[in-house]
Amino acid sequence: MRTAIFPGSFDPFTIGHQDIADRALRIFDSLVIGVGFNINKPGMETVKQRVDQIKALYAGNSKVKVESYTGLTVDFAKRHEAGFIVRGLREVKDFEYERNLADTNSAISDIETVFLIARPELGFVSSSMVRELIANKHDASKFLPLKDKI
Ligand code: ADP
């Protein structure tokens, strides 16, 4: 049984995140979406709100679990007996950041990071862009999988 973790801030969970999760589900037997608390990224929504929204999205899909966590992603992965971390790559900036994380994680564990390249039509979608739209009272629902929840 191949279990992967999909960690992120997900503030909020966008259609870009959803696409990565859905594609990961074609590769792995089960996926744990981990809403991490990132001290450098203060949230628009509470971590609990994010967990509840993502849970609602995958309700009925027994291959998906959604949990919050603090601490290292590799420790979260080990708690779930997951051998893989899934991350999405949009652009060169993501690559530099993600390579650093993946190198660190492979130096301290045997957990493999698997990268999925963003779909071209979703590569511009980011949580920060959605937050900016919402802060300026602009409709951001086309970038959100749960249209009625935000
Ligand atoms: P973090 O704070 O850990 O970077 P994010 O919620 O911003 O968390 O992103 C989680 C993961 O999803 C990251 O690997 C990020 O690169 C990826 N991601 C975000 N938006 C997209 C998108 N539109 N397409 C593909 N991957 C994405």
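Cut-offs applied
Residues numbered from 1 in each chain as written. Predicted model: local features only at pLDDT ≥ 70, side-chain atom pairs only at ≥ 80, totals over all residues. Heavy atoms only, no water. Helix = DSSP H or I, 4+ residues; strand = E, 2+ residues; numbered from the N terminus. Buried < 20%, exposed > 50% of the residue type's maximum accessible area, 1.4 Å probe, protein only. Contact = heavy atoms within 4.5 Å. Areas by Shrake-Rupley, 256 points an atom, 1.4 Å probe, with all protein chains shown as cover. Lys, Arg positive; Asp, Glu negative; His and termini not counted. Charge placed at Lys NZ, Arg CZ, Asp CG, Glu CD. Salt bridge = Lys/Arg side-chain N within 4 Å of Asp/Glu carboxyl O. Phe/Tyr/Trp six-rings, centres within 6.5 Å; stacked < 30°, edge-to-face > 60°. Polar contact = N/O pair within 3.5 Å; in protein donor to acceptor, adjacent residues only side chain to side chain. Core = buried A, V, L, I, M, F, W, Y, C linked by side-chain atoms within 4.5 Å.

A. Seen up close, the overall build of the protein. Regarding its fold elements, the protein presents 5 helices and 5 strands. If one aligns the C-alpha atoms of the protein with their principal axes, the spans along those axes are about 45 × 35 × 30 Å. Buried positions account for 45% of the 150 residues belonging to the protein. When contacts within the protein are restricted to residue pairs at least 6 apart in sequence, long-range pairs at least 24 apart make up 75% of them. Split by element, the accessible area of the protein, about 8700 Å² in all, is 52% carbon and sulfur. Computed over 21 positive and 20 negative side-chain charges, the inter-centroid distance for the protein is 3 Å.

B. Fine view of the pattern of salt bridges. Inspection of the entire model under this criterion finds 9 salt bridges. The salt bridge partner of Asp19 is Arg119, with a shortest N-O separation of 2.8 Å. Of this pair, Asp19 sits in helix H1 (residues 15-24) while Arg119 sits in the loop between strand S5 (112-117) and helix H5 (127-135), placing them 100 residues apart in sequence.

C. Seen up close, the packing of aromatic side chains. Tallied over the entire structure, the rule returns 6 aromatic pairs. Consider the rings of Phe6 and Phe10, whose centres lie 5.0 Å apart with planes at 65°: the pair is edge-to-face. Side by side, Phe6 and Phe10 carry an identical accessibility label, which is buried. Taking the centre distance of 5.1 Å and the plane angle of 40° together, the rings of Phe28 and Phe84 count as tilted.

D. H1, seen in detail. In terms of burial, H1 is a largely internal element, 7 of the 10 residues being buried. The set of residues buried in H1 consists of Gly16, His17, Asp19, Ile20, Ala21, Arg23 and Ala24. In the core, the buried residues of H1 are packed alongside strand S1 (3-8), strand S2 (30-36), strand S4 (84-89), S5 and H5. Its side-chain oxygen 3.1 Å from the backbone nitrogen of Gly16, Thr14 forms the N-cap of H1.

E. Broad picture of the nonpolar core. Core analysis: the biggest nonpolar cluster contains 20 residues, and Phe6, Phe13, Leu31, Ile33, Ile54, Tyr58 and Val86 have the highest contact counts within it. Taken together, the elements giving at least two residues each to this core come down to S1, H1, S2, helix H2 (47-57), strand S3 (64-69) and S4. If sequence neighbours within four positions are ignored, Phe13 has contacts with Phe6, Gln18, Ala21, Ile33, Ile54, Leu57, Tyr58, Leu144 and Pro145. In this structure, Val74, Ala77, Ile85 and Ile111 belong to the second largest nonpolar core, which totals 9 residues.

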